[in-house]
Amino acid sequence: MFDYDEKKLVNKVIDENYLNEGDYVKKFEKKIASYLGVKYCVCVTSGTAAISLALMTLGLLPDDEVIIPNFTFIATANAVKLAGAKPIFVDINFDRFDISIKQIKKKITKKTKVIIPVDVNGRSADYKSLEFFKRKFGLRIISDSSEGFGSSFEGKKVGTFGDMSCFSFSAAKTISTGQGGAIVTNSKIFYNRLLELKDQGRRQRGTGGNDLHPVLGFNFKYTNLQAAVGLAQLKKLSSRLKKFKRRDFLYKKYLSNNQQVILPKTYDDEVLQWFDILIPNKQKVVKYLRQKNIDVRSFWFPINKQKTYKSKEKFSISDKVSAYGLWLPSCFDITEDEIQQVCNSINEIL
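Bear in mind that the values here come from a model prediction, so they are computed numbers and not experimental data.

Criteria and cut-off values
Residues numbered from 1 in each chain as written. Predicted model: local features only at pLDDT ≥ 70, side-chain atom pairs only at ≥ 80, totals over all residues. Heavy atoms only, no water. Pairing = 2+ DSSP bridges. Helix = DSSP H or I, 4+ residues; strand = E, 2+ residues; numbered from the N terminus. 1 Å grid on protein atoms, 1.4 Å probe; cavity = no way out; pocket = protein on both sides within 12 Å on 5 of 7 lines; lining within 4 Å. Points joined across faces, edges and corners; volume = space filled by probe spheres on them. Nonpolar A, V, L, I, M, F, W, Y, C, P; charged D, E, K, R; others polar. Salt bridge = Lys/Arg side-chain N within 4 Å of Asp/Glu carboxyl O. Expected span 1.5 Å × (residues − 1). Buried < 20%, exposed > 50% of the residue type's maximum accessible area, 1.4 Å probe, protein only. Arc of directions from axis to C-beta. Polar contact = N/O pair within 3.5 Å; in protein donor to acceptor, adjacent residues only side chain to side chain. Contact = heavy atoms within 4.5 Å. Axes fitted to C-alpha atoms, helices over the stretch in contact; angles between N-to-C directions. Right-handed = clockwise from strand over helix to strand, strands pointing away. Core = buried A, V, L, I, M, F, W, Y, C linked by side-chain atoms within 4.5 Å.

Asker: Please explain the sheet that holds strand β10 (residues 276-278) as it appears in this structure.
Answerer: Where strands meet in a sheet, backbone hydrogen bonds hold them as pairs that are either parallel or antiparallel. Strand order in the open sheet formed by 3 strands is β10-β12-β11, with antiparallel pairing between adjacent strands. Of all the strands in the sheet, the pair left with one neighbour each is β10 and β11 (297-298). As defined by bridge partners, β10 adjoins strand β12 (residues 325-327) across 3 bridges and the pair is classed as antiparallel. Opposite Ile277, over in β12, you have Leu326 as the bridge partner.

Okay, structure coming up:
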């Protein structure tokens, strides 16, 4: 939701006549870092770019392998490809959709360099176990926390685990600037390299003239226009998180007695981006809800079912979660009456 607050700041940027990356971006980055309790934040063009640039800081080679869950938005895999590495898929856990630690053990090779856990819908991955792999095999952990901004796990913000963490500010996220993303880290070495990678090899904004470009970089800069929207959105974060917690409480209240609806496990301090459920006879439910003008979204297809990454490898849990999963209406201003209507309809058809 966008309103007067965003318009006011965007108009201010336009009046100042500097729309490119500048002071507003720096302010937005500092506020994100402060909120998360990390040292550094770098904003870029998208969540996909964020993951790719984080990988590029590590200097990966074409044969290097990056382990990712088979159940995630395809951007996670695409980001690995963009960075020039090879994605290796691992199945997930049924109860929380997080990457399976048991399956990771089977996939680590001498070529494995990075693990990218995905905090699906704000649920934290098992970073304690992932840290063990990091130390034992000398790996890096880059978390895909695109859907986790504002969520917490065991008193620590989701997106502050591992060597670097990546966020998305695309449409429908808790904080949205239309498009955009961010990488956060506590490493100054990674931070400096990220600055170079996103701005043609420069760590500081140049003149566009006789600038020095000492290393290879590209153009993934954020803009003051986007940052202005983001700064206004951050002011709404606390109230949105409270609304989400209330939304999830109500959905659980009205669905908990339905034995055919599986409610994935969520810990108390985690905040879901959208409320999700698992239903074995999903298509029947979807058809009935749409007849009542209630729109829902099915979960992603497993990555290995997409043509670009097609394989015959078996990922039974990813297949099951994809087949059963639904995101229910979860907009910022959804009312209790609307939630009850959705739940009543699900309970009726089941």
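After presenting the structure, the write-up continues.
Asker: Just checking my understanding: could you explain the layout of surface pockets for this structure?
Answerer: Where empty space is left becomes clear once a probe the size of a water molecule has been rolled over the atoms. Considered as a void within the structure, the largest pocket measures approximately 740 Å³ in volume. Surrounding the largest pocket, 40 residues form its lining, Glu147, Ala171, Lys173, Trp274 and Arg297 being those nearest its centre. Breaking the lining of the largest pocket down by element, the ones donating at least two residues are α3 (47-56), α4 (75-82) and β11. Split by residue class, the lining of the largest pocket holds 20 nonpolar, 14 polar and 6 charged.

Asker: Looking at this structure, I do not really get the pattern of salt bridges. What am I missing?
Answerer: Close approach of charged atoms allows side chains of opposite charge to pair. Following the criterion strictly, the structure yields 22 salt bridges and no others. Via salt bridges that share partners, Glu21, Lys26, Glu29 and Lys198 belong to a single interconnected network.

Asker: Help me out: how do you make sense of helix α1 (residues 4-16) in this one?
Answerer: Owing to its 3.6 residues per turn, the α-helix brings residues three or four apart onto one side. Between its first and last C-alpha, α1 extends 18 Å over 13 residues, near the 18 Å set by a 1.5 Å rise per residue. Among the residues of α1, Glu6, Val10 and Val13 are the ones counted as buried. Take α1 and look down its axis: the buried residues cluster within an arc of 55°, on one side only. Turned more than 90 degrees from where α1 packs its buried face, Tyr4, Lys7, Lys8 and Asp15 sit exposed. Capping of α1 at its N-terminal end is provided by Asp3; its side-chain oxygen lies 3.1 Å from the backbone amide nitrogen of Asp5. Directly after α1, the chain includes Asn17, whose backbone phi takes a positive value near 65°.

Asker: Would you take a moment to explain the side chain of Asp199 for this structure?
Answerer: Within the fold, Asp199 resides in the loop between α7 (188-198) and α8 (224-234). The residues touching Asp199, leaving out its near neighbours within four places in the chain, are Gln204, Arg205, Phe218 and Lys221.

Asker: Could you clarify how one ought to interpret the sheet that holds strand β4 (residues 112-115) in this entry?
Answerer: Strands sit in the order β1-β9-β8-β5-β4-β2-β3 across an open sheet of 7 strands; the sheet is mixed. Because the sheet does not close on itself, it has two edges, and the strands there are β1 (40-44) and β3 (86-90). Looking at each pair of strands side by side, their axes are set apart by 25° on average, direction ignored. Taken together, the 5 bridges between β1 and strand β9 (residues 181-185) define a ladder with antiparallel strand orientation.

Asker: Looking at this model, I keep getting lost on the pairing of β3. Mind explaining?
Answerer: One face of the sheet, then the other: side chains in a regular strand alternate in exactly this way. Buried residues dominate β3, accounting for 4 of its 5 residues. Sheet analysis places strand β2 (residues 65-69) next to β3, joined by 5 bridges and oriented parallel. What sits directly across from Pro69, in β3, is Val90. In this region the chain leaves β2, passes through α4 and returns to the parallel neighbour β3; the handedness of that crossover is right-handed.

Asker: Just checking my understanding: could you explain the nonpolar core for this structure?
Answerer: Here is a general trend for soluble globular proteins: nonpolar side chains tend to be buried in one another's company. With 34 residues, the main nonpolar core has Val44, Leu53, Leu55, Val66, Ile116, Ile142 and Ile183 as its most contacted residues. At the level of secondary structure, the elements contributing two or more residues to this core comprise β1, α3, β2, α4, β8 (164-168) and α7. Ranked by residues supplied to this core, first place goes to α3 with 7 residues. Apart from the residues lying within four places of it in its own chain, the contact partners of Val66 are Leu55, Leu60, Val80, Ala85, Lys86, Pro87, Ile88, Val114 and Ile116. Counting residues in each nonpolar core, the second largest holds 28 residues, with Phe169, Ile175, Val184 and Phe332 among its members.

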